[in-house]
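Residue-level structure breakdown
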Amino acid sequence: MNVLNYIDGEMRAAQAGAVLDNVNPATGAVYGQIPDSDAADVAMAYEAAAAAFPSWSVTPAEERFKILNAIAEGIDGLRDALALAESNDQGKPLWLAKNEMIRAAQNFRFFATAAMQFSSESHAMEDKAINYTLRTPLGVVGCISPWNLPLYLFSWKIAPALAAGNCVVAKPSEFTPVTAAMLGEICNAAGLPKGVLNIVQGLGGKVGQAIVEHPNIKAISFTGGTVTGKHIVGVAGPMFKKVSLELGGKNPNIIFADADLDKAVKTTVNSSFMNQGEICLCGSRVFVQRAVYDQVKSALVEAVKAMKVGDPLHAETRVGAIVSKPHYEKVLGYIELAKAEGAAVLCGGGALYPEGFEGGYFIAPTILEGLNWDARCNMEEIFGPVITLTPFDTVEEVLAMANATEYGLAATVWTQDLTRAHKVAAQLQMGIVWINCWLLRDLRTPFGGVKGSGVGREGGWEAMKFFTEVKNVCIAL
Ligand code: TXE
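So, here is what we can say about the structure in this document. Worth saying up front: this structure is predicted, and the values here are computed from it rather than measured. (Residues numbered from 1 in each chain as written. Predicted model: local features only at pLDDT ≥ 70, side-chain atom pairs only at ≥ 80, totals over all residues. Heavy atoms only, no water.)

**Let's talk about the site of the ligand**
Keep this limit in mind: Distances are taken per atom, and a residue is near a molecule or strand as soon as one of its heavy atoms is within 4 Å of it. Pairing of N or O atoms within 3.5 Å defines a polar contact, subject to two protein rules: one partner must be a possible hydrogen donor and the other a possible acceptor, and residues neighboring in sequence count only if both atoms are side-chain atoms. For the accessible areas, the method is Shrake-Rupley and the probe is 1.4 Å, while residue cover comes only from the protein chains on display. Cavity and pocket criteria rest on a 1 Å grid covering protein atoms alone: a 1.4 Å probe that fits but cannot get out defines a cavity, protein on both sides within 12 Å along at least 5 of 7 lines defines an open pocket, and an atom within 4 Å of a point defines a lining residue. For this analysis, a molecule is said to be in a pocket or cavity if more than half of its atoms are within 2 Å of the grid points defining it. Only DSSP runs of H or I reaching four residues or more are called helices, and only runs of E reaching two or more are called strands; each is numbered from the N terminus. In the scheme used here, Gly and all other residues not listed as nonpolar or charged are polar, with Ala, Val, Leu, Ile, Met, Phe, Trp, Tyr, Cys and Pro taken as nonpolar and Asp, Glu, Lys and Arg as charged.
Lining the immediate environment of the ligand, one finds 28 residues, of which Trp-147, Glu-174, Thr-228, Lys-330 and Glu-381 sit closest. Within the backbone of Gly-204, one N or O atom sits 3.3 Å away from an oxygen atom of the ligand. Side-chain polar atom of Thr-228 to an oxygen atom of the ligand: 2.8 Å apart, as the coordinates give it. In the complex, the protein chains occlude 86% of the 810 Å² of accessible area that the ligand would expose alone. Counting atoms within 2 Å of the grid points, the majority share of the ligand lands in the largest pocket. Listing elements by their share of the shell around the ligand, those giving two or more residues are helix H7 (204-213), strand E10 (219-223), helix H8 (226-236) and helix H11 (325-340). Per-class residue counts for the shell around the ligand are 10 nonpolar, 13 polar and five charged.

In structure tokens form, the structure reads like this:
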């Protein structure tokens, strides 16, 4: 399936005419082309967005609500087609893609209502003065998203930016371009005025770089790798752009001996291997209290060995293909490194070649044990179907290991002891802590990480605040 850029409400090829191949990771075959856009296409997208801004920024909230809601309905209406496109593009199981399309629609619906609810604050100074806060859209903003949850994360950025009255130049990952292009058509059908959203396809180093460098794009909302995030800050910082970064994670999943172990194991299988482990929130370091270590280990290994790996379109598939050849090689490289670091492979441990999909990028879900807590495979983000198992004795010991990486995105804690749950949650250096659950999301809550996992928070008012400029007006009484 070939895709085009969506600029000023129209589908366009890159101005220079260049294209990139798009590969289906389940087969390894090229199945379409995307524009290999460059700075000239970003400039064109910016001009369209800047022209649309004066009108969109003063469009009544109720009208923005209606349009964003119509986009949500458009996504719902095309759910099956979008999910199939996402599965072919990304390698994820089709059933999972269908769930993610529900969330993509929810993102638009949620921020449609935010447009109606967002309001200013006021601070009275007794009888001296009253302050009120004006919040205005920033102008044209840039949204750059990754390949793991393509439309889900793209919409998570675009919806609040539009709800707050901004116009957007957006770039999906070059590895997963198709549903973003389909979103352009959905926006036209929903009556989004032309130029309000522009989607430029192509490489990060060309299109992403041009968005970040553009002197008049006021803010960058980015989700992706920590190395890229660092680079973006280096470019955008001296330009005093607002930047929101959601980066990688090396998330601890801590199972205490008093936990509901059946539930903990069942959820751990998901939190470790959902979407082939390619979710920034996946728990990749599983710490198990020694008294139940052997029991949890054998239950986990048994459950993971039973997972069906292969054809993403098959209803029973639990683990699909890795998104791209370079990423597949990176993950396999880490498995080899773990072996060299002394890990014992409890299951998986290498590539798989499912029948009919021999050219695809499949990796067997892998559980490793016996690594030092500070081995590279326990410290660096692998972002694939690979977890490490480590025993612990005390709360202090597991907290020290959990907090030892450069990342600080999310943690999961399993215990029935309420006091311990609260204390551990408070001491984990993470932006998000789940107790006795994983990936339970209320879209109003702040979402993001600390340390190398990013800067800023998304979700609810956090996103609306990020995408607005604030001015305090003080009136003497
Ligand atoms: O991501 P990139 P990559 C982690 C994961 C993965 C690693 C690298 O560990 O192995 O990052 O993945 C665009 N200016 N995560 O290299 O490149 C790019 O085109 C502006 C975690 O594939 O960061 C894409 O649209 N943009 C993560 C987006 O950045 C640039 C999800 C993200 O891709 C750019 C993905 C530049 N100079 C990977 N260079 C998460 N937090 O969920 C690239 N891009």
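**Considerations on the environment of Pro-146**
For clarity, the cut-off: Each residue gets one of three labels from its accessible area relative to the maximum for its type: buried under 20%, exposed over 50%, partly exposed in between, using a 1.4 Å probe on protein chains only. In this analysis, two residues are considered to be in contact whenever any of their non-hydrogen atoms come within 4.5 Å of each other.
Here Pro-146 is to be found in the loop between strand E7 (140-144) and helix H5 (150-163). By relative accessible area, which is 12% here, Pro-146 ends up buried. For the pair formed by Pro-146 and Phe-222, sequence separation is 76 residues and the distance between their alpha carbons is 8.4 Å. Ignoring sequence-local partners within four residues, the contact set of Pro-146 consists of Leu-153, Ser-173, Thr-176, Thr-223 and Gly-224.

**Looking at the side chain of Ser-244**
Secondary-structure assignment places Ser-244 in strand E11 (residues 242-246). Those residues in contact with Ser-244 that sit more than four places away from it in its chain are Ile-220, Ser-221, Phe-222, Val-455, Glu-458 and Phe-466.

**Side note on the nonpolar core**
Keep this limit in mind: Note on terminology: a nonpolar core comprises buried Ala, Val, Leu, Ile, Met, Phe, Trp, Tyr and Cys residues joined through side-chain atoms within 4.5 Å.
Ile-71, Ile-158, Leu-183, Leu-197 and Leu-281 are the most contacted members of the largest nonpolar core, which totals 100 residues. With 12 residues, helix H4 (residues 94-117) is the largest single contributor of residues to this core. Those residues in contact with Leu-197 that lie beyond four places of it in its chain are Tyr-6, Ile-158, Val-168, Ala-170, Leu-183, Cys-187 and Leu-192. With 28 residues, the next largest nonpolar core counts Val-286, Val-292, Tyr-293 and Phe-357 among its residues.

**A look at H11**
In plain terms, the rule: To estimate the expected span of a helix, count its residues, drop one, and scale the result by 1.5 Å. Working definition: the arc comes from the directions between the helix axis and the C-beta atoms, pointing outward to the latter.
The terminal C-alpha atoms of H11, which comprises 16 residues, lie 22 Å apart, in line with the 22 Å expected from a rise of 1.5 Å per residue. Among all positions in H11, only His-327, Tyr-328, Val-331, Leu-332, Tyr-334, Ile-335 and Ala-338 are buried. Along the axis of H11, the buried residues cluster in a sector spanning 150°; they form a single face. The exposed set on the far side of H11, more than 90 degrees from its buried face, consists of Pro-326 and Ala-340. In this structure, the buried side of H11 is in contact with strand E15 (351-352), strand E16 (362-363), strand E17 (366-369), helix H12 (376-379) and strand E18 (386-392). Phi turns positive one or two residues past the end of H11, at Gly-342, with a value near 100°.

**Some details on the sheet that holds strand E12 (residues 251-255)**
Put simply, the rule is: Only strands joined by at least two bridges in the DSSP assignment are considered to pair. Each axis is a line fitted through C-alpha atoms, and for a helix only the stretch in contact is used; angles between axes span 0 to 180 degrees, taken between their N-to-C directions.
With mixed pairing, seven strands are arranged side by side in an open sheet as E14-E17-E18-E13-E12-E20-E21. Edge strands, defined here as strands with exactly one partner in the open sheet, are strand E14 (344-347) and strand E21 (432-435). The average angle at which neighbouring strand axes cross in this sheet is 25°, direction not considered. Pairing of E14 with E17, which is carried by three bridges, proceeds in the antiparallel orientation. Bridging from a neighbouring strand, Cys-347 pairs with Ile-367 of E17. Sheet strands touched by helix H10 (residues 290-305): E12, strand E13 (283-289), E14, E17 and E18. Its angle to E13, the strand with the most contacts, is close to 140°.

**Brief notes about the pairing of E11**
Here E10 runs beside E11; their pairing, made up of five bridges, is parallel. Bridge pairing in E11 places Ser-221 opposite Ser-244. Judged from the two bridges that link them, E11 and strand E23 (residues 454-455) form a sheet pairing that is antiparallel. Residue pairing in the sheet places Leu-245 in a bridge with Val-455 of E23.

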